[in-house]
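Residue-level listing of the chains:
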Amino acid sequence: MSSSAPSSSPPSAKPAFDLAYSIDDVVLDPHRDGQFLYKRLDDVMPREGAAGGRTLDVACGVGNVAAAIAARGTATWGLEPSPEMLGLARWVHPETTAAFVRGLAETLPFRSESFDRVICQGSLDHFVEPGDFMREAARVLRPHGCVVIALANYESLSCRLGRRLGRGRPLPDRPYWQSPPDHNHKGDPAFVRALGGRDLRLERCYGVSMLWGLQRGGWSWGKWLDRRPKRVAHGLLSALDALAYRMPSQADMIVSVWNKR
């Protein structure tokens, strides 16, 4: 799923559809900075998606966001190419009213102007053709609806500090500030700005969390926070999150909201 944005894959590697993404591919951060980021996204994305009408959650994974939106009274569909993830979504959320269907982001299996919201969290940089997805999202969107994208920022303050602090030091196989090998594109502010194309215009953009994953040698921001009193750690994370909201280019996650042109 690729547009003109640069790919994080080596030049010889051709982006490919991942039709068998597994729960084993998901790595969760156990430290307070990671847990804070996950909780913030659990708050942000259901709120953005639950605006009444109909919402489509693209690359919905195990369906947590789709189920949370449906619980707020919005008719919700979750789209996912991986059969394992779809099976888990139906197993984890047996009582949800959200419908889970298999399909690709680049060819959405829905009629034009079917949805009031199309959302995608943490997956657009995995896509082979992000531009195709954005055009499809615009196609299935109703005239006054919006597309909401949440994307990891590999040019965040944390990533840029990590590169600087890591110079001349032995590095792990993949430093946290480098886009993972299963990403076809590098998420960053330039990539986000290029997403709209001719079909969508940017309504607003904000950041979530700051300094997630920062480390130098054996020291890490997350481990340091784990040793602080809970109230102190939460206060620091909340203050940085408020700063990230106003400075999305420095934030760990960028949330962009798009309208039809």
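Re the environment of W224
Consideration 1: Within the secondary structure, W224 sits in helix α7 (residues 221-226).
Consideration 2: Along the primary structure W224 and H31 are separated by 193 residues, whereas in three dimensions their C-alpha atoms are 9.2 Å apart.

Regarding helix α2 (residues 64-71)
Consideration 1: Buried residues of α2: V65, A66, A67, I69 and A70, and no others.
Consideration 2: Two residues or fewer past α2, G73 is found with a positive phi of approximately 95°.

Comments concerning the side chain of E136
Consideration 1: Examined against the element boundaries, E136 turns out to sit in helix α4 (residues 130-140).
Consideration 2: The exposure class of E136 is buried, given its relative accessible area of 14%.
Consideration 3: Polar side-chain contacts of E136 include one of 2.8 Å to the side chain of R139.
Consideration 4: The contacts of E136, once residues within four sequence positions are left out, are A105, E106, T107 and L108.

Thoughts on the confidence of the model for the chain
Consideration 1: Per-chain confidence: the chain averages 88 in pLDDT, with 87% of residues scoring 70 or above.
Consideration 2: Within the model, the stretch residues 1-13 combines pLDDT values under 50 with 33 contacts to residues more than four positions away or in other chains.

With respect to the sheet that holds strand β4 (residues 115-121)
Consideration 1: Pairing within the open sheet is mixed, and its seven strands lie in the order β3-β2-β1-β4-β5-β9-β6. Looking at which strands have only one partner, the edges of the open sheet turn out to be β3 (99-102) and β6 (200-208). Going across the sheet, the axis of each strand differs from the next one's by a mean of 20°, ignoring polarity.
Consideration 2: Sheet topology places strand β1 (residues 54-58) next to β4; three bridges connect them, and they run parallel.

Here we look at the packing of aromatic side chains
Consideration 1: The final tally for this structure, using the stated rule, is seven aromatic pairs.
Consideration 2: A ring pair is formed by Y38 and W212, whose centres lie 6.3 Å apart and whose planes are at 75°; its orientation type is edge-to-face. One end of the pair, Y38, is in helix α1 (residues 32-49); the other, W212, is in the loop between β6 and β7 (215-216), with 174 residues separating them in the sequence.
Consideration 3: Among the residues examined, Y38 registers a relative accessible area of 22% and is labelled partly exposed.
Consideration 4: When its relative accessible area of 25% is taken as the criterion, W212 is described as partly exposed.
Consideration 5: An aromatic cluster is present here, built from W77, F110 and F115 joined pairwise through their rings.
Consideration 6: Over the aromatic face of F115 sits the side chain of R54, whose NZ or CZ is 5.2 Å from the ring centroid.
Consideration 7: Between the NZ or CZ atom of R228 and the centre of the ring of W224, over which it lies, the distance is 4.4 Å.

Observations regarding the environment of R160
Consideration 1: Looking at the element boundaries, R160 is found in helix α5 (residues 157-166).
Consideration 2: Residue classification places R160 among the partly exposed residues on the basis of a relative accessible area of 33%.
Consideration 3: As for R160 and L214, which are separated by 54 residues in sequence, their C-alpha atoms are 9.5 Å apart.
Consideration 4: The contact partners of R160, leaving out residues within four places of it in the chain, are E155 and Q250.

Brief notes about the environment of G162
Consideration 1: With respect to the element layout, G162 can be found in helix α5.
Consideration 2: With 14 residues separating them along the chain, G162 and Y176 place their C-alpha atoms 7.9 Å apart.
Consideration 3: What G162 contacts, discounting residues up to four positions off in sequence, is Y176, W177 and L214.

Notes on the nonpolar core
Consideration 1: Of all hydrophobic cores here, the largest spans 31 residues; its most connected members are M45, V148, V208, W221, M253 and V255.
Consideration 2: Residue assignment for this core shows that the elements contributing at least two residues are α1, α2, β5 (141-152), β6, α7, α8 (230-246) and β9 (253-260).
Consideration 3: Of all the elements, α1 adds the most residues to this core, at five residues.
Consideration 4: In this structure, V58, V118, F127 and V140 belong to the second largest nonpolar core, which totals 28 residues.

Quick notes on the rules
Residues numbered from 1 in each chain as written. Predicted model: local features only at pLDDT ≥ 70, side-chain atom pairs only at ≥ 80, totals over all residues. Heavy atoms only, no water. Helix = DSSP H or I, 4+ residues; strand = E, 2+ residues; numbered from the N terminus. Buried < 20%, exposed > 50% of the residue type's maximum accessible area, 1.4 Å probe, protein only. Polar contact = N/O pair within 3.5 Å; in protein donor to acceptor, adjacent residues only side chain to side chain. Contact = heavy atoms within 4.5 Å. pLDDT = per-residue confidence, 0-100. Pairing = 2+ DSSP bridges. Axes fitted to C-alpha atoms, helices over the stretch in contact; angles between N-to-C directions. Phe/Tyr/Trp six-rings, centres within 6.5 Å; stacked < 30°, edge-to-face > 60°. Lys NZ or Arg CZ within 6 Å of the ring centre and 35° of its normal. Core = buried A, V, L, I, M, F, W, Y, C linked by side-chain atoms within 4.5 Å.

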